[in-house]
Amino acid sequence: MLRTLALILAGGDSPALNVLTAERTEAAVPFAGKYRIIDFALSNCVNSGIYNVGVLTQYRPQSLNTHLGVGRPWDLDRAQGGLRILHPSPTPEGGGWQRGTADAVRYNLDFIADQPAETVLLLAGDHVYRMDYQPLLRLHQEREADITLAVHNVSPHEAYRYGIVSVDANGRVERFVEKPRRTSISLASMGIYVFRKNFLLEILGGQEVDFGRELLPRLIEQVTAYAYTFDGYWADVGTIQAYYEANMALIGETPALDLYDPDWIIHTTSAQRPAVEIGAEARIENSMVSDGCRIYGQVLRSMLSPGVFISSGAVVRDAIILGDTWIGPDAVVDRCILDEGVRIGEGAVLGEGDDNTPNSQAPYTLNTGLTLVGMRSQIPAGIHLGRNVAVRPRTKESAFGHDKLVPSGTTI
Amino acid sequence: MHDAGGTPALPGARCRRDARAPSPWERGHLALDEEATQAGRSRSQGHDRTSAEWVMPVCGTPALPGARYIGTTFVVHKAVVTTKGVPTRSAYVVWLTTSSCLSPTLHRTLFQGTIRAQPEYVNKSYSETSGGAMRVIAMIMAGGEGTRLSVLSEKRAKPSVPFAGKYRIIDYTLSNCVNSGIFDVAVLTQYRPHSLNEHIGIGKPWDLDRARGGVRLLQPYIGRNMGDWYRGTSDAIYQNINYIREHRADIVVILSGDHIYKMDYSKMIEAHQRTRAHVSVAVMDVPLEQTDRFGIMTTDETNRIVEFTEKPKERDKGTLASMGVYVFNADILIQRLSEGNEEQPRVDFGKHVIPAMISQDRVYAYRFAGYWVDVGTIEAYWETNLELLDPACGFDLYDTNWTIYTRSEERPPVKIGPQGRVQRSMVCNGCVIRGTVEHSVLSPGVYVSPGAIVRDSVVMNDTWIGPGAMLDKVVVDKQVVVGAGTYLGWGDDYGTVNRQQPDRLNTGITVVGKSAHIPPGIHIGRNVLINTDRDTEDFPPGDVPSGETI
């Protein structure tokens, strides 16, 4: 059972998620109501029988640490193996901060070497998927590979976002190209690697800082590398639009990601909350609502995390609302992502009009009409916010000044 | 820090040390001890002199310097010290309750000169709970059959019956314990304990998985000289008397596991100590016309109980009903329970123990004003569940200062589909709603198919409601399958009572037991009882009229 050590990389700063990752690492961003993104990788581990897990952190780990605790929801509070949080520490040479995926693993080589494991499974903490790692590990064993990559079919026009792999008829990897500008191959690396432990210890002797950009393209042709094709649900939610779409896809009739499967439970740290309370005038359609929510207004096509309060007369449409946010009476929230603990004043309108001007500070990542509000911000009563607006975390009402209209594309 | 009675709490930090007055210890209190006893006898003579000083305890406790005085109640009296019958001076005398001692903190406060010369403390009693040395244990009665809950408690003890969606009835009492700072809890089980054992486990949801204290399940056992099925509430405690002894408890809080309420037991313990009671009984005002359903306490003006009448027929005993919550001094509890014999059994607290104690011990009432419900009948169960939907009901589940803890299953959020309609309801994680839910309480994992209607009902975990089915005023246990197009609770015939259980099912509520499979396309009337594990073949062809039992 402890023959495999899983390492989850959860230290990235993911600037493309804008205000959602301003105060937490991407792995700790809430997803699908009550979950955090890392729950998927962690639950996949324990559901695949892997009980020796290290989580590598660096960027803003506080929220993640609180969430993981001692690993109890995943039954990872164990005497043998269990959950270990591996955080950076200064080195005698003055370094210590990790500059990339390979660098992060290199800093923990001593830990890895001491583990009873023969195989190291390297995972990304910021992907949403359900995957049994056992077939992947079996393939790795059977082929006596040095390294096995999990790959997923992507559409060629999205290939520029991934490491692209070409394989021969036996599944052996011939080439690995990181983020190619143009390619006809559609097999993308999922950032899931299985290494022979000793092989991993060998290859990290150098100075390369990233697996995808430096190590793998160079190594792959010299070693025994295999690809394992995974055709289940897998999403990299590294951009605001991808995050939004992946959440919204779950609301559909038969989503590709089945959260209700009792044979593959996604475990998470659940807060103690009572049932959802739904008032007499409430209307909820096509939505997912978590425990502890109290709904007195309208909720349409939306995803609500625990403890959200929707006052009467308020309308929430096509929105993602994270934990304990309070929506005032008669407020309108349209195509928005509201972070935790946000307070929307009475009669405020968020996401108004047809003006789709991209956000002035993040024109490449916030241009699809979604308005974002950062953690614990307060939106004054009666204010109107346009599209692609970003409100930074902990913004006070006074930051909005006297203007009752915030045009599209503004950052506050 | 003033309590309800206006008595000042332990002065502690509020009083300055009077540097001029020497401590009685420094004057050698052992010499004063005998005189102090006399002073106690003559305390009513009250001599007012300004040179009063403190004298140490007189109530049988060895008053040796350096002795540890563990959490207690004490009273300050002004008294006259006499030597060989001649009054010599006046003194303040500290009276301690029996067999208890002062904590070091209180000892310092009293005898190193902090509360002397503060006349307002005279003739008042104080309790000391902040010393931390007092050991409080709670014992929860969770073995009852709850027969009036019909099939809901057929395969589980009443405290283990699901309530308000995701909770079990016992969660309220358990959460009250930990929210009151009691982390040493025993749960006494007997009837069908499996579901309860499973639910409580090692006590993790309540933070009761502890190295010291924590939750213990006490089952009936067979011993050499004793041990048998628990015959009643106090018999259950008596059979576990060694548990109390081994925990070296000072205070035992005895609770019932089948009530829905929020109560801070620490306030009751404070009152218990302030009144120097041997046992305190929590009581609440009930309407005069309901007094015949409860044990009624009659009290004097100091809240001391002078009479106890179980379910009185007359209306002249007052309206203070016992809530089944008792705070006992452990030594008195052990003593009184051990006195039982054939003629005077000590099997039930309400029937035997409390009535017997009224004449010889200090039995006090502690008034509780708040939401409290005994969900003992199907109707009370149904009504209380739905009552929680009303914000004005007086019980706020969403109160973050008094969280009700429970074992939460890992379930995804509630999913409400395109035709889903939910109003005035509570719905738990893991539910999928594609039909209509009105004024109902749904436990985790309930599936409501398109076109189905659930109205005025309580539906427990993982029940599947088929397309076009309708539930009206129904209580449905776990894992039930309601076939497509079936009407449960059909017609206006609320009057026909259930033929097999006329005393339990007579208000129009239809009840479905766990794992029953109800065939599609039939009409089932009111007051119908469908037993657990009934399969579709067990149903007669055609409709099921009101009052039937399957």
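Each value, and the rule that gives it
- Here the residue numbers are simple positions, counted from 1 along each chain's written sequence.
- Following the order in which they are written, the chains are lettered starting with A and the ligands numbered starting with 1.
- Residue-level local features of this predicted model are given only where pLDDT is at least 70; pairs of side-chain atoms are given and counted only at 80 or more, and the full residue set underlies all totals for whole chains, interfaces and linings.
- Excluding hydrogens and water, the side-chain values take into account all heavy atoms of the structure.
- The numbering of helices and of strands both runs from the N terminus, where a helix is a DSSP run of H or I of at least 4 residues and a strand a run of E of at least 2.
- Exposure classes here rest on a 1.4 Å probe applied to the protein chains alone. A residue is buried below 20% of its type maximum, exposed above 50%, and partly exposed in between.
- The contact criterion used throughout is that any non-hydrogen atoms of two residues lie within 4.5 Å.
- Only the protein chains shown count as covering a residue, and every accessible area follows the Shrake-Rupley method with a 1.4 Å probe.
- Pairing of aromatic rings covers Phe, Tyr and Trp, the last through its six-membered ring, and needs centres within 6.5 Å; plane angles under 30 degrees mean stacked, over 60 mean edge-to-face, and all others mean tilted.
- Geometrically, a charge over a ring is one whose NZ (Lys) or CZ (Arg) sits within 6 Å of the ring centre while staying within 35 degrees of the ring normal.
- Definition used for salt bridges: Asp or Glu carboxyl oxygen within 4 Å of a side-chain nitrogen of Lys or Arg.
- Like charges are joined within 9 Å and nonpolar side chains (Val, Leu, Ile, Met, Phe, Trp, Tyr) within 5 Å, but only among residues with over 30% relative accessible area and no salt bridge; these make up the patches.
- The sign given to each residue is positive for Lys and Arg and negative for Asp and Glu; His and the chain ends receive no count.
- Charge positions come from single atoms, namely NZ of Lys, CZ of Arg, CG of Asp or CD of Glu.
- Every axis corresponds to a line fitted to the C-alpha atoms, with the helix fit spanning only the stretch in contact, and the corresponding angles, defined between N-to-C directions, vary from 0 to 180 degrees.
- Any angle that falls under 35 degrees is termed roughly parallel, while one over 145 is termed roughly antiparallel, one within 65 to 115 roughly perpendicular, and all others oblique.
- Residues are grouped as follows: Ala, Val, Leu, Ile, Met, Phe, Trp, Tyr, Cys and Pro are nonpolar; Asp, Glu, Lys and Arg are charged; every other residue, Gly included, is polar.
- Here the buried area means the combined drop in accessible surface, using a 1.4 Å probe, for two parts upon being joined, counting both sides.
- Here a polar contact is taken to be a pair of N or O atoms separated by no more than 3.5 Å, where protein atoms must pair a possible hydrogen donor with a possible acceptor and residues adjacent in sequence count only if both atoms sit in side chains.
- DSSP bridges decide pairing: two strands pair if at least two such bridges lie between them.

(A) Summary view of the overall build of chain B. Summing up its helical and strand segments, chain B has 10 helices and 35 strands in all. Burial statistics for chain B: of 550 residues in total, 57% are counted as buried. Here the contacts in chain B between residues at least 6 apart in sequence split such that 61% fall between residues at least 24 apart.

(B) Highlighting the overall build of chain A. Along its length, chain A carries eight helices and 32 strands. Sequence-distant contacts in chain A: of pairs separated by 6 or more residues, those separated by 24 or more amount to 58%. Summing over all exposed atoms, chain A offers an accessible surface of approximately 16200 Å²; the carbon and sulfur share of this is 48%.

(C) Molecular detail of the packing of aromatic side chains. Residues and elements named next belong to chain A. Applying the stated criterion across every chain, the model contains 22 aromatic pairs over all chains. Each ring, one from Phe31 and one from Tyr243, has its centre 6.0 Å from the other, and the planes form 65°; the classification is edge-to-face. With Phe31 in strand S2 (residues 30-31) and Tyr243 in helix H8 (residues 240-249), the pair connects residues that are 212 residues apart, well separated along the chain. Judged by its relative accessible area of 0%, Tyr243 falls in the buried class. Taking NZ or CZ as reference, Arg343 lies 4.1 Å from the ring centre of Trp326, over its face.

(D) Layout of the environment of B:Phe183. Residues and elements named next belong to chain B. You can see Phe183 is positioned in the loop between helix H3 (170-179) and strand S8 (184-188). Exposure remark for Phe183: the relative accessible area of 29% places this residue in the partly exposed category. For the pair Phe183 and Gly214, spaced 31 residues apart in sequence, the C-alpha separation works out to 5.5 Å.

(E) Spotlight on the pattern of salt bridges. Residues and elements named next belong to chain A. A complete count under the given rule lists 40 salt bridges over all chains for this structure. The salt bridge involving Arg196 is made with Asp146; its shortest N-O contact spans 2.8 Å. Linking Arg196 in strand S11 (residues 187-196) with Asp146 in the loop between helix H5 (133-142) and strand S8 (147-153), this pair joins segments that are 50 residues apart in sequence. With a relative accessible area of 34%, Arg196 lands in the partly exposed category. Accessibility expressed as a relative area gives 11% for Asp146, which makes it buried.

(F) Local environment of a positive patch on the surface. Taken together, B:Arg148, B:Arg293, B:Lys311, B:Lys313 and B:Lys351 make up a surface patch of like positive charges. Take B:Arg148: it is sitting in the loop between strand S5 (136-141) and strand S6 (162-163).

(G) Representation of the packing of helix H8 (residues 330-338) of chain B against helix H9 (residues 349-358) of chain B in the model. Residue and element names in this part refer to chain B. H9 packs onto H8 with a crossing angle of 110° between their chain directions and a minimal axis gap of 11 Å. Classified by the angle their axes make, H8 and H9 are roughly perpendicular. Along its contact with H8, which presents Ile332, Leu333, Arg336 and Leu337, the element H9 presents Phe349, Val353 and Met357. For the contact of H8 with H9, the class distribution of residues is six nonpolar, no polar and one charged.

(H) Region of the structure containing the interface of chain A and chain B. In this complex, chain A contributes 39 residues to the contact, which on the side of chain B involves 37 residues. Contact between chain A and chain B buries roughly 3000 Å² in total, counting both sides, with carbon and sulfur atoms accounting for 49%. Looking at the side of chain A facing chain B, the largest losses of area belong to A:Tyr260, A:Gln272 and A:Ile278, adding up to 21% of the total buried there. Across the contact surface, chain A and chain B share four salt bridges. In this structure, A:Glu253 and B:Arg434 form a salt bridge, with 3.4 Å as the shortest nitrogen-oxygen distance. The tally of links between chain A and chain B comes to 23 residue pairs in polar contact (both at pLDDT 80 or more). Of all the secondary-structure elements, those providing two or more residues to the side of chain A that touches chain B are strand S14 (276-278), strand S15 (283-285) and strand S16 (287-289) of chain A. A class-by-class count of the residues in the side of chain A that touches chain B yields 19 nonpolar, 11 polar and nine charged. Bridging between S14(A) and strand S20 (residues 425-427) of chain B involves three bridges; their strand directions are antiparallel. By the bridge assignment for S20(B), A:Ile278 is matched with B:Ser425.

(I) View of a negative patch on the surface. All names here are of chain B. Judged by side-chain charge, Glu379, Glu383, Glu387 and Asp390 come together as a negatively charged surface patch. By secondary structure assignment, the location of Asp390 is in the loop between helix H10 (378-387) and strand S18 (414-416). By relative accessible area, Asp390 is classed as partly exposed at 39%.

(J) Region of interest: the sheet that holds strand S24 (residues 447-448) of chain B. Spatially, the 12 strands line up as an open sheet ordered S31(A)-S28(A)-S25(A)-S22(A)-S19(A)-S16(A)-S18(B)-S21(B)-S24(B)-S27(B)-S30(B)-S33(B), and their pairing is mixed. If you trace the sheet from one side to the other, it starts and ends with strand S31 (390-391) of chain A together with strand S33 (517-518) of chain B, each paired once. Of the pairings in the sheet, the one linking S16(A) to S18(B) comprises three bridges and is antiparallel in character. Its bridge partner lying in S18(B), A:Val289 is registered against B:Val414.

(K) Just H8(B), in detail. Residues of H8(B) that are buried: B:Ala330, B:Ile332, B:Leu333, B:Ile334, B:Arg336 and B:Leu337. Structurally, H8(B) contributes buried residues whose contacts are with helix H5 (233-239), helix H6 (241-246), strand S10 (251-256), strand S15 (320-329) and H9 of chain B.

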